[in-house]
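These are the residues of each chain, in order.
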Amino acid sequence: MAHDLLLLAGDGIGPEVMAEVKKVVGWFNANGMAFAVEEDLVGGCAYDAHGQAVSDATMDKALKADAVLLGAVGGPKWDKVPYEVRPEAGLLRLRKDLELFANLRPAKCFDALADFSSLKRELVEGLDILIVRELTGGVYFGEPKEIRDLGNGQKRAIDTQVYDTYEIERIAAVAFDLARVRDKRVCSMEKRNVMRSGVLWNEVVTQVHKDRYSDVQLSHMLADAGGMQLVRAPKQFDVIVTDNLFGDMLSDVAAMLTGSLGMLPSASLGAPDAVTGRRRALYEPVHGSAPDIAGQGKANPIACILSFAMALRYSFDAGEAADRLERAVETVLADGVRTGDLLGPAGGAAVSTSAMGDAIVAALDGNAR
Ligand code: NAD
Ligand code: IPM
Ligand code: MN
């Protein structure tokens with residue numbers, strides 16, 4: 001039976017990088033796999049079409065699909081639209097309504113790019129860390145969340161950080177499970193020195209570890225110090241587990257360590273269904289819609305292509321296909337094929353988004369032989 005894949009390309013460079021993923025999906029369809037691809041709108045383009053950043057009809061499709069792949073949303077065109085229907089709200093609704101609480105953001109340094117990191121080669125060479133970000137709780141969704149008019153010419157902006165025990169338990173378990181098939185080390189980051197949610201986070205992660213995962217090594221860091229350690233000596237980490245907001249910031253930091261934001265994929269997973277074992281899942285690059293380069297054929301499609309590799313691994317039980325796709329990306333980078341973001345200070349000739357996609361598909365052929 002075909003795998004149902006919903007593609008939501010979104011705004012800015014989203015459609016440009018998604019076009020390259022379609023070539024890759026086409027390659028797998030021609031080589032023994034069966035993906036039934038459907039496409040729909042999300043973000044600013046959805047707002048322009050029907051006044052909502054994601055429509056109920058699109059949400060229905062996303063709920064039914066085996067996996068959703070998203071490009072990017074947002075852009076200056078929609079800066080002034082009301083908060084509830086902003087492009088970003090579409091993405092947040094997808095995450096919340098699909099209950100995708102576990103956001104996996106791997107930061108892996110490809111050898112060919114070690115010199116383009118903002119850190120010295122020896123600090124990032126061989127880097128392979130995984131940030132597990134809680135995605136449906138915390139200050140992103142806590143209530144109250146509003147701007148109050150105080151009536152005296154002043155306003156008060158309120159965001160609320162809220163975490164319940166079960167939310168911390170389930171994200172901790174995901175981090176420990178993933179660590180078990182990696183280097184068996186988890187570092188939990190919060191700010192228990194100032195935040196009550198940090199105190200509970202620390203307690204619950206410690207308890208889950210004690211009850212079920214004593215074979216994994218657990219350490220704790222205050223999130224600000226964690227950010228410092230990430231740029232001082234990133235290789236000390238294996239899996240980092242943290243809340244929604246800290247995870248957002250720390251994963252952008254980790255992204256730059258690997259050379260470019262244009263390289264980093266992510267997977268957002270729900271709980272396994274009790275009957276089918278199937279997890280709802282959405283895959284997306286860590287980067288945004290890059291309005292500064294949109295429409296110019298300059299975007300690096302690798303983050304989106306590697307997001308599809310994560311879909312192969314986590315939604316379609318196709319680990320070998322995922323390995324093959326990741327190897328194809330490595331081959332192309334080792335051959336010196338570079339989009340502009342991967343050139344580094346030394347400069348050189350950049351290829352277009354589309355040429356990068358073609359090179360990866362050609363490398364898939366090579367690796368298939
Ligand atoms: P951004 O990630 O879009 O861009 C940051 C910088 O990285 C830019 O200079 C951009 O050109 C570069 N860049 C990003 N992806 C690239 C790629 N694939 N290839 C080459 N260069 C790349 O972040 P931003 O500028 O802060 O945000 C722009 C818009 O995107 C905002 O509306 C923001 O809300 C939105 N956003 C969306 C997502 C998402 O859809 N998941 C994620 C982050 C930001
Ligand atoms: C990300 C983005 C989103 C977030 C925005 C666009 C809502 O920055 O996926 O990292 O803050 O989670
Ligand atoms: Mn972010």
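Rules and cut-offs
Residues numbered from 1 in each chain as written. Chains lettered and ligands numbered in written order. Predicted model: local features only at pLDDT ≥ 70, side-chain atom pairs only at ≥ 80, totals over all residues. Near = placed C-beta within 6 Å. Helix = DSSP H or I, 4+ residues; strand = E, 2+ residues; numbered from the N terminus. Nonpolar A, V, L, I, M, F, W, Y, C, P; charged D, E, K, R; others polar. UniProt positions renumbered as here; feature names shortened; annotations may be inferred. Contact = placed C-beta atoms within 7 Å. Buried ≥ 20, exposed ≤ 12 C-beta atoms within 10 Å, placed from the backbone. Arc of directions from axis to C-beta.

**Section: the site of ligand 2**
For step 1, the next point in the chain: Lining the immediate surroundings of ligand 2 are Gly74, Glu88, Leu91, Leu92, Asp248 and Val286.
For step 2, the next point in the chain: When residues in the shell around ligand 2 are grouped by element, the largest group, 3 residues, is from helix H4 (residues 87-97).
For step 3, the next point in the chain: A per-class count over the shell around ligand 2 returns 3 nonpolar, 1 polar and 2 charged.

**Overview of unusual backbone geometry**
For step 1, the next point in the chain: A cis amide bond links Glu143 with the next residue in sequence, Pro144, at an omega value of 0°.
For step 2, the next point in the chain: One non-glycine residue, Glu99, lies in positive phi territory at about 55°.
For step 3, the next point in the chain: Relative to the helices and strands, Glu99 resides in the loop between H4 and strand E4 (102-108).
For step 4, the next point in the chain: The phi dihedral of Asp317 falls on the positive side, at around 50°, and the residue is not glycine.
For step 5, the next point in the chain: Position of Asp317 relative to the elements: it lies in the loop between helix H10 (302-314) and helix H11 (319-334).

**Some thoughts on the UniProt feature "site: Important for catalysis" (unreviewed entry) in the protein chain**
For step 1, the next point in the chain: In the UniProt entry, the feature "site: Important for catalysis" (unreviewed entry) is given for Tyr140 and Lys191.
For step 2, the next point in the chain: If you trace the backbone, Tyr140 turns up in the loop between strand E5 (128-134) and strand E6 (142-149).
For step 3, the next point in the chain: Not counting residues up to four positions away in its chain, the partners in contact with Tyr140 are Leu92, Asn244 and Leu245.
For step 4, the next point in the chain: Tracing the chain through its elements places Lys191 in the loop between strand E8 (185-190) and helix H7 (196-212).
For step 5, the next point in the chain: With residues near it in sequence (within four places) discarded, Lys191 still touches Gly198, Leu222, Ala223 and Asp224.

**As for H4**
For step 1, the next point in the chain: Burial in H4 covers these residues: Pro87, Gly90, Leu91, Leu94 and Arg95. The arc that holds every buried residue of H4, seen down its axis, measures 130°, which confines them to one face.
For step 2, the next point in the chain: Looking one or two places after H4, you find Glu99, whose phi comes out positive at around 55°.

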